[in-house]
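Report on the structure
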Amino acid sequence: MTHWYTAEVTEILPLTEHTRQFNLCIPELENFEFLPGQFITFDLPVGEKRRDRWRSYSIASAPAGNNQFSLCIVRNPHGKGSNYLFEEVREGSKLTCKGPDGVFTMPPLTGRQLIFVCTGTGIAPFRSMLQTIDQKTLAFDSIHLIFGTRYSAQVLYRDEWEVFAGKYSQFRWDVALSRESCQPFHSGYVHELYTSLYSNPVSERHFYLCGWTPMIDEGVRRLKEIGYSEAQIHFELYG
Ligand SMILES: Cc1cc2nc3c(=O)[nH]c(=O)nc-3n(C[C@H](O)[C@H](O)[C@H](O)COP(=O)(O)OP(=O)(O)OC[C@H]3O[C@@H](n4cnc5c(N)ncnc54)[C@H](O)[C@@H]3O)c2cc1C
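Being a predicted model, the structure only gives us computed values, none of them experimental.

Cut-offs used in this document
- Residues numbered from 1 in each chain as written.
- Predicted model: local features only at pLDDT ≥ 70, side-chain atom pairs only at ≥ 80, totals over all residues.
- Helix = DSSP H or I, 4+ residues; strand = E, 2+ residues; numbered from the N terminus.
- Rg over C-alpha atoms; globule rule 2.2 N^0.38 Å.
- Buried ≥ 20, exposed ≤ 12 C-beta atoms within 10 Å, placed from the backbone.
- Domains from an automatic or database assignment.
- Contact = placed C-beta atoms within 7 Å.
- Nonpolar A, V, L, I, M, F, W, Y, C, P; charged D, E, K, R; others polar.
- Pairing = 2+ DSSP bridges.
- Core = buried A, V, L, I, M, F, W, Y, C linked by C-beta atoms within 7 Å.
- Axes fitted to C-alpha atoms, helices over the stretch in contact; angles between N-to-C directions.
- Near = placed C-beta within 6 Å.
- Expected span 1.5 Å × (residues − 1).
- Right-handed = clockwise from strand over helix to strand, strands pointing away.

With that settled, the discussion passes to the overall build of the protein. Counting its secondary structure elements, the protein contains 6 helices and 12 strands. On C-alpha atoms alone, the protein measures out to a radius of gyration of 18 Å, which is about the 18 Å that the 2.2 N^0.38 rule sets for 239 residues. With respect to the principal axes defined by its C-alpha atoms, the protein has extents near 50 × 35 × 35 Å. Put simply, the protein has 239 residues, and 35% of those count as buried.

Have a look at this one:
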């Protein structure tokens, strides 16, 4: 039986023009336990039928050993759910949520070359994983984070990736900007980056993709074309 919690918004941080970080806590729990990469689901008052009201969000923070967690949410100008969160929800607001759910969780960190590919708020599960690696000083062999967005002003958590890259030589991050040319970032779509860098399939390489259908479909298609097996391609679909 699903348990629904009442979560309270403790802080809302603007990240870019259309993206915000929502920090929440679940007062009835001492510890909200989840695995890095999992998501929660809100029941928002935006529709009559249950299916019309539910919106899922990947947890964008590491499990903290307490009842707090963060979400990273983009506003869809035509979407009921994200507009409700941006227009009606304030610090102190209470939201009905369930979770955690999901199997897009931390992969084995050694013996594998990991490529994390995302666009926009698709960064959320990877931020949770990378924060966990850092906080728990987990050993990892190789992680390449590839983030895609339109403009350089929309690069999410840039400072954090710079610090991470300075700390761990086996971590690399790249940004692909589809509508702007801006050093040190690449111009174009995320797919062009990893298909040119990783055009020789090797068995220890695994791709993790997170974002909306067009990006995931294109990514899976291209990776299979290169010769990667289904077992090497993992994804979280936002819709
Ligand atoms: C497991 C899971 C995790 C998710 N995690 C996040 C997250 O961490 N952050 C986050 O912002 N969203 C996340 N989403 C998406 C989120 O659940 C909502 O779908 C999103 O907020 C849009 O809801 P809406 O009501 O505003 O728009 P809707 O009315 O539900 O959307 C209308 C249509 O627009 C498409 N769409 C909506 N937003 C975008 C977009 N930005 N780019 C391209 N197409 C879009 C949808 O696919 C849908 O077809 C996640 C979804 C799932 C299933």
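By the assigned domains, the protein splits into domain 1 (5–101) and domain 2 (113–237). Between domain 1 and domain 2, the C-alpha centre-to-centre distance is 24 Å. In this complex, domain 1 contributes 15 residues to the contact, which on the side of domain 2 involves 15 residues. The set of elements that each furnish at least two residues to the side of domain 1 that touches domain 2 consists of strand E1 (5–16) and strand E5 (68–74). When residues in the side of domain 1 that touches domain 2 are grouped by element, the largest group, 4 residues, is from E5. Class assignment of the residues belonging to the side of domain 1 that touches domain 2 gives a composition of 10 nonpolar, 5 polar and no charged.

Another point: the pairing of strand E6 (residues 94–101). Bridge count between E1 and E6: 4 bridges; the pairing is antiparallel. The residue bridging Ala7 from the neighbouring strand is Leu95, located in E6.

One finds Leu71, Phe116, Val117 and Ile146 to be the most contacted residues of the largest nonpolar core, which totals 51 residues. Among the domains, domain 1 (5–101) and domain 2 (113–237) are the pair contributing at least three residues each to this core. Excluding anything up to four places from it in sequence, Val117 contacts Ile146, Val190, Tyr194, Phe207, Tyr208, Leu209 and Gly219.

Let us now look at the sheet that holds strand E4 (residues 54–58). The strand order E4-E3-E6-E1-E2-E5 describes an open sheet built from 6 strands, whose pairing is antiparallel. Every other strand in the sheet has two partners, leaving E4 and E5 as the edge strands with one partner each. Ignoring strand direction, the axes of neighbouring strands in this sheet form an average angle of 40 degrees. Pairing of strand E3 (residues 39–43) with E4 involves 5 bridges; the strand directions are antiparallel. Bridge pairing in E4 places Ile40 opposite Tyr57.

Let us now look at the site of the ligand. Taken together, 22 residues sit near the ligand, with Asn76, Gly79, Gly81, Ser82 and Gly239 positioned nearest. Elements that contribute at least two residues to the shell around the ligand include exactly E4, E5 and helix H2 (80–87). Broken down by class, the residue content of the shell around the ligand amounts to 9 nonpolar, 10 polar and 3 charged.

Turning to unusual backbone geometry, a few remarks are in order. In this structure, Pro100 follows Gly99 across a cis peptide bond, with omega equal to 5 degrees. If you trace the backbone, Pro100 turns up in strand E6. Following Gln183, the chain continues into Pro184 via a peptide bond in cis, with omega recorded as 5 degrees. One can find Pro184 in the loop between strand E9 (171–177) and strand E10 (186–187).

A few words on helix H3 (residues 124–135). If you check H3, its first and last C-alpha atoms are 16 Å apart, about what 12 residues at 1.5 Å a residue would give, namely 16 Å. Counted residue by residue, H3 has 9 buried out of 12 residues, so it is predominantly covered. The complete set of buried residues in H3 reads Ala124, Pro125, Phe126, Arg127, Ser128, Met129, Leu130, Gln131 and Ile133. A positive backbone phi angle near 40 degrees is found at Thr137, which sits one or two residues after H3.

So, about the sheet that holds strand E7 (residues 113–119). A sheet is described by the order of its strands in space; here 6 strands give the open sequence E10-E9-E8-E7-E11-E12, paired in parallel fashion. Looking along the sheet, the strands with just one partner apiece sit at the ends: E10 and strand E12 (233–237). With respect to the sheet, helix H6 (residues 213–226) is in contact with E7, strand E11 (205–211) and E12, its orientation differing from that of E12 by roughly 170 degrees.

So, on to the pairing of E11. Residues in a regular strand project their side chains so that they alternate between the two faces of the sheet. Here E11 lies mainly inside the structure; 5 of its 7 residues are buried. Where E7 meets E11, 6 bridges bridge the pair, whose relative direction is parallel. Bridging from a neighbouring strand, Gln113 pairs with Arg205 of E11. Read as a crossover between parallel neighbours, the route from E11 over H6 to E12 is right-handed.

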